[in-house]
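# A look at the structure
Letter by letter, the chains look like this.
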Amino acid sequence: MFAAIALILVFTVVMPSMLEASQYEVYQPQITKGFVYNPEYGELKYNHDSSIEYFQGRFYAAWNGNTNWWEGRPGQKNYWAFSDDGIHWSGYREFEDTPVFGSPSWQTEWQPNLLNYKDKELWALWTKAGGFIVSKLTDPAEGWTHRVIFEVIEYDGAEYFIFPSQECTVLEDGSVLVPVILREKSDLPQDQRKWFCTFLKSSDAGETWQYYPQAFVAHPHGPYHRSWEPMGIVQDDKNVRMFVRDMHGDLLEPDKTFFTALGNRGGTAFADPVYSAIRTVSSRMWLGNIGSRKIMVQHDSAANRNTGDRINIALFSSRTGRDDFVAGTSIIDDELGICYPQAVLKDEDLYVVYTSGHTPRAIKTARVSPAPRNDKYYIMPRSRDRALTSNDLPRFNPSFIRIDQYNSFDTGGDIDIKDAFSFTCWLRPDGGEGVLYQLSGPDGSKFFVEQDKQGSLFVNFAGEKVKSNVSLPADGRWSMLSGMFDLKTGTGCLKVNCGEEAGLKFDAADFARGTYRLVLGDFLRGAGFDSADMRIYESRITAQQAEAYFSLTAKRHGSSGTTDIAAVKAASLEISPLDYTAKQDIANVVPGEITCYAGHNDIVSRDVNDLGQKSVTITGWIRQKPHNNGVIFDALDSEGDGGFSIRHDFFPKIYVRIGDKDYPLGHRYREGERVYMKGFNQPLNDEYYFFCVVIDNSEKKILFWEDNKLSDEQINFDAESLSSDEPVAFFRYCGKERAKNHFPFYGGVFNVNVYDRKLSEPEIRFDHNRFADMFGFDELSGDIKAAPEARWSVGADNYDSLRFIDSEAPVAAGVKHEEYMGRQCLLLSGSSSCGVDMDGFDPDKSRIEMDLPIRIDYPIVSEELRIMSFGDDGQIILGMLNGDSDNLHIRIDGKWHRAAAFELGKWSQIKLIFEDGKVAIKNGDSRNVFDTGRLTPRLYLGDGYPHGYIAPADKFRLDVDEFELKVQ
């Protein structure tokens, strides 16, 4: 006892306290998202490997894509787009006239990495046929020029293919480092070829390029183990550090997915690699500078996730650029299959471009506002409590097509123009100038409808621009625009909401007759707007016909009108088959449907939690995107050994899960481009089909609706009960282990009914026929019998009986910013944590003083509650142990020690001092000193390296204003 006190006295005497404290705030940026490329609006289904830059006043993005659904298939090319605000993007274009070399069968284009070179040229560094290509852009109207730098690299008697992996690192002297993968050119299997990661370097504006064998970095277990996608950062000491994906980490050391190597200041030589202490997904990342701060955009899967899980993208922060990045705030966490982020800093915001989805894949963008500032210090919650913007439910909007500025959308529809043509459409413009609609015809002839900044409308016939005297309001309202044109007389008119007619005269002599294609917007000068109910006619319709169509469609666009079909027919309005609205809408939204995007917003019954005492029948209409995955209906109990669910996996199988066993109902199969499911016999390509499953608990059989009758194939099950102790739900969030499903449902349901009995075929036909016509199906004949009242229904008329639940955060839930008893606090519960932003800490020289104001109100129920983690993999953990609420404990090298007295229900100002391989802990009169050994400067509040489940009831509060951290 005396020795311990003496040690404390000596230790505290030599610790000066004249350190400047860093003031901390909670980092809570706003996230705004957009699509760079949405596969629902175009033919590209595979999109990946994106990059973003800001060049001469615009954002640019590049990626590789294909009309094929899968990676690396013939036809994969590089594409690019641009944007004024980083959120709304132009249409896409191919990289023009790319070079052809190497094997004719190996012409796939990969991973264009962008670089703004002194705002004079935009570079794209990419690969094809194993070679290294530099493309340059100075004017988007002129397109890209290309130059092959290396077809192969020779080293140690072998040839190597080159794969540029990520965005470049620029040194202080202006030299450019391009991170690349070198793969031995050989017919041997992958594990018998050598792999290296390195930098290609140019010091003369890209005229010449060099590589340095001393900078070839192999895998820590040797060059025959595959390393992938290196990335570079310049440290605070000007040396270059390389981070590399470990493609063999899941086999060799499952908890280690990255390795790192330290180089010299020129990036021309590197030391042997070591495994990084970053514990997250092995995936492409981005590294950049904000002043002296270093930022990594990367997956954060540390909390209760496996290392193969691409769900959550977060900001990691470091003040040094060394291997001390701390995981921080989630910026993208509500989507399916998100990965491969790259970013650019513009003003005070960070713009991130990334892949979203499995098949098809989209390229999306997110604006993080503000980015972490260099002159501030942050506590960075590793979970977010923000409202989801992409999937708020329910939705009642009419279907419409969104055309962003500079976006051109080919409708795929043609019209034969001879002597006249007309159009009617609803518009909601953004207020910018540019092209709204265009007809592209033979010999380059075009017809445009354009607006200027004031909303005034023009028509353009083959280069002749004629101004009208009508305009579109830019106040967010929908307006119907109609146009009628007679090519024989050279006259026409435009009308807005069937108001004043704008008479027009034009010279039609140069306007070619023939087949024209309808295109919305324009790539280089298109306006931004929403378009709905677009129809074109191969004749000049009358004003009365246009008014009749206005009456037919006005109500769903917020205008007064009638839906009296007779009035339309009385006006002899020909409804053209060339309707470009509903089939192009991203969600095919049906008024009254309930949509689910990427597993969020579970639809849970408020009171039905005892379904399945006897038998169950589920009927209704459902739509699913192809290559989908997720729980459709869930009535499993909390322990996972009772109840049932209906789900499908990423492979083509539909299951009924009863208890802990899966019973497959059938298999999807493809005919051409359409995907079908045996058992439902309707396409699963985002079109509605009738869904019916019967679970007969008395006969222990599962039946499903096939060919308009219950299936002949009856599936037997052996569970004793279908009962569940939890409320039943649609779209149950995928992450729950009991659901045995790792991806979410993506689609919608309409008027789904859940019965607690087995329905007869006449009763099922009744449910089918109620809405068959709405979805384009014929009513079924035969015996029809009204079904009994459903136990639970999901439809447009009963939202009061439902509750919509945002799914749990991909990284541990539980971090909440709140005011508590007059203090600004962070509430941490479960396995949650916050990364702490701190100055560079040298464990051999630095000293840290930390004031940790915390409050714990109740005894914990878990084995332990972690309050602070310091060092790699939680070298030092401060926490509370079950059964000892009167003390805090510290874990060092896996062993717990009593650290300081503590009192529940009161604020405690814990003082910690780290210096010379020791830590002193003080709370009031209670203090202790412990040997820690050498520490890595990685600090978390809460459970930074979670070891398992912690009860949500176990929580503590941190006073943000009183938290202080001093580093010297």
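Residues numbered from 1 in each chain as written. Predicted model: local features only at pLDDT ≥ 70, side-chain atom pairs only at ≥ 80, totals over all residues. Heavy atoms only, no water.

- For the protein chain, the name recorded in an unreviewed UniProt entry is Neuraminidase (Sialidase), with Limihaloglobus sulfuriphilus as its organism.

### Focus: the sheet that holds strand β21 (residues 293–299)
- The 4 strands are arranged β20-β21-β22-β23 in an open sheet whose pairing can be described as antiparallel. Since the sheet does not close on itself, it has two edges, and those belong to β20 (286–290) and β23 (326–332), each with one partner. Taken pair by pair, the neighbouring strands of this sheet meet at an average axis angle of 30 degrees, ignoring direction.
- In this structure, strand β22 (residues 313–318) lies alongside β23, joined through 4 bridges in antiparallel fashion. Note that in β23 the partner of Phe316 across the bridge is Ala327. (Pairing = 2+ DSSP bridges. Helix = DSSP H or I, 4+ residues; strand = E, 2+ residues; numbered from the N terminus. Axes fitted to C-alpha atoms, helices over the stretch in contact; angles between N-to-C directions.)

### Topic: the side chain of Thr932
- Residue position: Thr932 is located in the loop between β66 (926–931) and β67 (939–942).
- In this structure Thr932 comes out as buried when scored by relative accessible area, which is 10%.
- In this structure, Thr932 is in contact with Ile876, Ile892, Gly917, Lys918 and Val919, ignoring residues within four places of it in sequence. (Buried < 20%, exposed > 50% of the residue type's maximum accessible area, 1.4 Å probe, protein only. Contact = heavy atoms within 4.5 Å.)

### Quick look at the pattern of salt bridges
- The final tally for this structure, using the stated rule, is 35 salt bridges.
- In this structure, Glu109 and Lys128 form a salt bridge, with 3.5 Å as the shortest nitrogen-oxygen distance. Taken together, the residues Glu109 in strand β7 (residues 109–117) and Lys128 in strand β8 (residues 121–128) connect sequence positions 19 residues apart.
- With a relative accessible area of 2%, Glu109 lands in the buried category.
- Between Asp959 and Arg823 there is a salt bridge, with its nearest N and O atoms 3.0 Å apart. Taken together, the residues Asp959 in strand β68 (residues 955–959) and Arg823 in strand β57 (residues 823–829) connect sequence positions 136 residues apart.
- Counted as one network, the salt bridges with shared partners bring together Arg847, Glu849, Asp851, Lys911, Glu915 and Lys966. (Salt bridge = Lys/Arg side-chain N within 4 Å of Asp/Glu carboxyl O.)

### Looking at the packing of aromatic side chains
- With the rule as written, the count across this model stands at 51 aromatic pairs.
- With 6.0 Å between their ring centres and 55 degrees between their planes, Trp110 and Phe163 make a pair best called tilted. Taken together, the residues Trp110 in strand β7 and Phe163 in strand β12 (residues 158–164) connect sequence positions 53 residues apart. By the burial criterion, Trp110 is buried, and Phe163 matches it.
- Grouping aromatic residues by their ring pairs yields a cluster made of Phe421, Phe423, Tyr437, Phe447, Phe461, Phe485, Phe506, Phe511, Tyr516 and Phe529.
- The lysine or arginine in question, Arg319, covers the ring of Tyr377, its NZ or CZ lying 4.5 Å from the ring centre. (Phe/Tyr/Trp six-rings, centres within 6.5 Å; stacked < 30°, edge-to-face > 60°. Lys NZ or Arg CZ within 6 Å of the ring centre and 35° of its normal.)

### Focus: the side chain of His768
- In this structure, His768 sits in helix α5 (residues 761–771).
- For His768, a relative accessible area of 4% gives the class buried.
- In terms of polar contacts, His768 uses its side chain to reach the side chain of Asn769, at 3.0 Å.
- Apart from residues lying up to four places away in sequence, His768 is in contact with Trp621, Phe690, Phe777, Asp778 and Leu780. (Polar contact = N/O pair within 3.5 Å; in protein donor to acceptor, adjacent residues only side chain to side chain.)

### Concerning unusual backbone geometry
- A cis amide bond, omega -5 degrees, links Ser369 with the succeeding residue Pro370.
- Examined against the element boundaries, Pro370 turns out to sit in the loop between β26 (362–369) and β27 (377–381).
- The phi dihedral of Lys238 falls on the positive side, at around 80 degrees, and the residue is not glycine.
- Note on placement: Lys238 falls in the loop between β16 (227–234) and β17 (240–246).
- You will see that Tyr340, though not glycine, has its phi angle at about 55 degrees, which is positive.

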